[in-house]
Amino acid sequence: MHRLRSAFYTEPAFYRQVLAITLPIAAQNVISLGVNMMDIIMLGQLGDVAIAAANLGGQPFMLLNVTCFGLASGAAVLIAQYWGKRDMLRIRQIFALSLRFALGAAAVFTALGRLFPEPILHIFASDPEVIREGAAYLSWLSVSFVFYAFSACYIMCLRAVEQVKVSIAVYSSSFFVNVFFNYCFIFGKLGAPALGVKGAALGTILARMFECGAVLVYMYRIERRVCFTPKWLLRFRSGLFGDYIRNSVPVVSNELLWALGVAVMNLTIGHMGPSFTSAVSIVNVVNNLVSVFIFGMANATAVVVGKTIGEGRLADAHRAANSTVAVSVALSLVASVLLLAGQRPVMSLYNVSAQAHDTALTLMAILAAMQPFQAVGTVMVVGVLRGGGDVRTNLLLDSGLLWALAIPLGLLGGFVLHWSAPVVFFCLRCDNIVKSVLGFIRLCSGRWVRVVTRPDAAAGE
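Residues numbered from 1 in each chain as written. Predicted model: local features only at pLDDT ≥ 70, side-chain atom pairs only at ≥ 80, totals over all residues. Heavy atoms only, no water.

**Student:** Would you mind showing me how to read the overall build of the protein here?
**Tutor:** Helix and strand counts for the protein stand at 19 helices and zero strands. Counting only C-alpha atoms, the protein reaches 60 × 50 × 35 Å along its principal axes. Here the protein holds 461 residues, and the buried ones make up 59% of them. Once local pairs closer than 6 in sequence are excluded, the contacts in the protein between residues at least 24 apart make up 84%. Just so you have it, the protein exposes about 18,100 Å², and 67% of that area is on carbon and sulfur atoms. Of the side-chain charges in the protein, 34 are positive and 21 negative, and the distance between the mean point of each set is 9 Å. (Helix = DSSP H or I, 4+ residues; strand = E, 2+ residues; numbered from the N terminus. Buried < 20%, exposed > 50% of the residue type's maximum accessible area, 1.4 Å probe, protein only. Contact = heavy atoms within 4.5 Å. Areas by Shrake-Rupley, 256 points an atom, 1.4 Å probe, with all protein chains shown as cover. Lys, Arg positive; Asp, Glu negative; His and termini not counted. Charge placed at Lys NZ, Arg CZ, Asp CG, Glu CD.)

**Student:** I keep staring at the packing of helix α4 (residues 59-85) against helix α8 (residues 145-159) and nothing clicks. Help me out?
**Tutor:** Relative orientation and spacing of two packed helices are given, respectively, by the angle between their axes and the distance between those axes. The interhelical angle for the contact between α4 and α8, taken along N-to-C directions, is 30°, at an axis separation of 9 Å. Put simply, α4 runs roughly parallel to α8. The handedness of the crossing between α4 and α8 is right-handed. Counted together, Phe61, Leu64, Asn65, Cys68, Phe69, Ala72, Ala75 and Ile79 of α4 and Phe145, Tyr148, Ala149, Cys153, Met156 and Cys157 of α8 form the full contact between these two elements. Here the residues of the contact of α4 with α8 sort into 13 nonpolar, one polar and no charged. (Axes fitted to C-alpha atoms, helices over the stretch in contact; angles between N-to-C directions. Parallel < 35°, antiparallel > 145°, perpendicular 65-115°, else oblique. Left-handed = near helix turned anticlockwise from the far one by under 90°. Nonpolar A, V, L, I, M, F, W, Y, C, P; charged D, E, K, R; others polar.)

**Student:** When you look at the pattern of salt bridges in this model, what are you seeing that I'm missing?
**Tutor:** For side chains of opposite charge, pairing can occur when their charged atoms come near one another. Going through the model one piece at a time under the given rule, you end up with eleven salt bridges. A salt bridge links Asp316 to Arg313, with the shortest nitrogen-to-oxygen separation between them at 2.7 Å. Residue classification places Asp316 among the buried residues on the basis of a relative accessible area of 18%. The salt bridge partner of Arg319 is Asp316, with a shortest N-O separation of 3.2 Å. Placement of both Arg319 and Asp316 in helix α14 (residues 314-341) is noted, with a separation of three residues, approximately one turn of the helix. Judged on exposure class, the residue Arg319 and its partner Asp316 are both buried. Put simply, Glu11, Glu311, Arg313, Asp316 and Arg319 are held in one network by salt bridges that share partners. (Salt bridge = Lys/Arg side-chain N within 4 Å of Asp/Glu carboxyl O.)

**Student:** Sorry, what's going on with the confidence of the model for the protein here?
**Tutor:** Caution is warranted with low-pLDDT regions, since their predicted coordinates should not be read in detail. Per-residue pLDDT for the protein has a mean of 86; in total, 96% of the residues score no lower than 70. With pLDDT under 50 throughout, residues 457-461 is counted as low confidence; its partners more than four residues away or in other chains account for eleven contacts. (pLDDT = per-residue confidence, 0-100.)

**Student:** I'm lost on unusual backbone geometry in this one. Help?
**Tutor:** A negative phi angle is the norm for most residues apart from glycine, just as the trans form is the norm for most peptide bonds. Despite not being glycine, Arg86 has its phi angle at roughly 60°, a positive value. Mapped onto the fold, Arg86 is located in the loop between α4 and α5 (88-115). Residue His418 is not a glycine yet carries a positive backbone phi of 55°. Note that His418 resides in the loop between α17 (391-416) and α18 (421-429). Residue His418 is classed as exposed on the basis of its relative accessible area of 59%.

**Student:** When you look at helix α13 (residues 292-310) in this model, what are you seeing that I'm missing?
**Tutor:** An ideal rise of 1.5 Å per residue puts 27 Å on 19 residues; α13 measures up with 27 Å between its terminal C-alpha atoms. Among the 19 residues in α13, 17 count as buried, and that is most of the element. Among the residues trailing α13, Gly312 stands out with phi positive, at a value near 85°. (Expected span 1.5 Å × (residues − 1).)

**Student:** What is the right way to look at the nonpolar core in this model?
**Tutor:** With 148 residues, the main nonpolar core has Ile79, Ile91, Phe95, Tyr154 and Phe228 as its most contacted residues. By residue number, the principal contributor to this core is helix α16 (residues 354-387), which donates 17 residues. Not counting residues within four places of it along the chain, the set of residues in contact with Phe95 comprises Ile79, Tyr154, Cys157, Leu158, Val226 and Phe228. (Core = buried A, V, L, I, M, F, W, Y, C linked by side-chain atoms within 4.5 Å.)

**Student:** Explain the environment of Ser172 here, please?
**Tutor:** Its location among the elements puts Ser172 in helix α9 (residues 165-187). Ser172 sits in the partly exposed class, given a relative accessible area of 23%. The spatial distance from the C-alpha of Ser172 to the C-alpha of Ala27 is 8.8 Å, given a sequence separation of 145 residues. Ignoring anything within four residues of it in the chain, the contact list for Ser172 reads Ile31 and Ser167. A distance of 2.6 Å separates the side chain of Ser172 from the backbone oxygen of Ile168, its partner in a polar contact. (Polar contact = N/O pair within 3.5 Å; in protein donor to acceptor, adjacent residues only side chain to side chain.)

**Student:** Explain the environment of Gly446 to me, please; I cannot follow it from the model alone.
**Tutor:** Relative to the helices and strands, Gly446 resides in the segment after α19 (431-445). Residue class for Gly446 comes out partly exposed when judged on its relative accessible area of 24%. It is 37 Å that separates the C-alpha atoms of Gly446 and Gly104, two residues lying 342 residues apart in sequence.

As structure tokens, this is what we get:
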């Protein structure tokens, strides 16, 4: 029993702390995925081409999304440890650095999406109709990028100081805004024009504007822990730029390489036909939905581990990591059961071709078998390694394995050997198996703990 307590938390208070962070993040992910699912269900009434167009037209947004996630995650490595020290001035300075980079990236993505939508989508697909519809979707969607970058990056940075409930309020309200305007503008209801795929983009724009407005109201009227406001974006002399770059560059590089890898995977999928593209679009949403607690646990792990290291309790950081990885395995088994049990009920919601329907069922079975590997890999990479400040190993295990293993196998199977869609899909996901094994070895080594904060506490304002 003593050995068990030295390696794992047995106190219920620890798991209540982790759960208090996990549940709001999981709820936020459910809401975000619900938006994606409703988009696909609504567009699914228009056929395979509409789903494929929205999926491919959303690829630049996915790149922006992971860029913002990387910038906020890199900031969170520092914020969580400074939160352990209660150094609020430096936390506000790191918020500002993260948001400046996020807004700059959003401006670039907006310009590219507005000016070059068709050339961008030619990279991902060859079907002229899909490219035409997807370009229209991207051109409209890019208007929302700056609003999204500001609100999403701010909310993700708040997680590192255990402020997570605001995301539920913002994104649940945004869900209804998005669904309402999608219904109006996709199908031409309540006097609105029927815009089809472009209507889905317009609904997203209005939802992102609502999110940004809600975040500003929260920032100025409600939030009292960090006390960050946009005026901090104009304060450039913090002395933390080097610290932020050292911790953020590996994380952002990882996220961008991962996103580019996913883009290459979508290129492979897109060139295998609209039916496969449509099936993967559906399956990815369903997989993310059943995995929300795993992703929530990963983010909670990063916060708890980082805060514990910041407080100087390194042995407890090891116990926290071991405990959350063990819980992730149990959660993965639940996710596998949900995937298998929900295959046919989920597919009954979509009006897709028989080929897309059957392919999606097979892909869900493959993902169900891979859930334990995905869970351990996710909690290790997003949670333990980032929370512990071991961002370089994070980069090697996440993006390194993707580019060294999954992508070459997928390209070989899809373009050279012409394997079946399920086999190619497995190849594109096989890095999760190796990642989980190597991540577990790194966890056992104990060499992932890095103290990234400065020893001297910053003075107050």
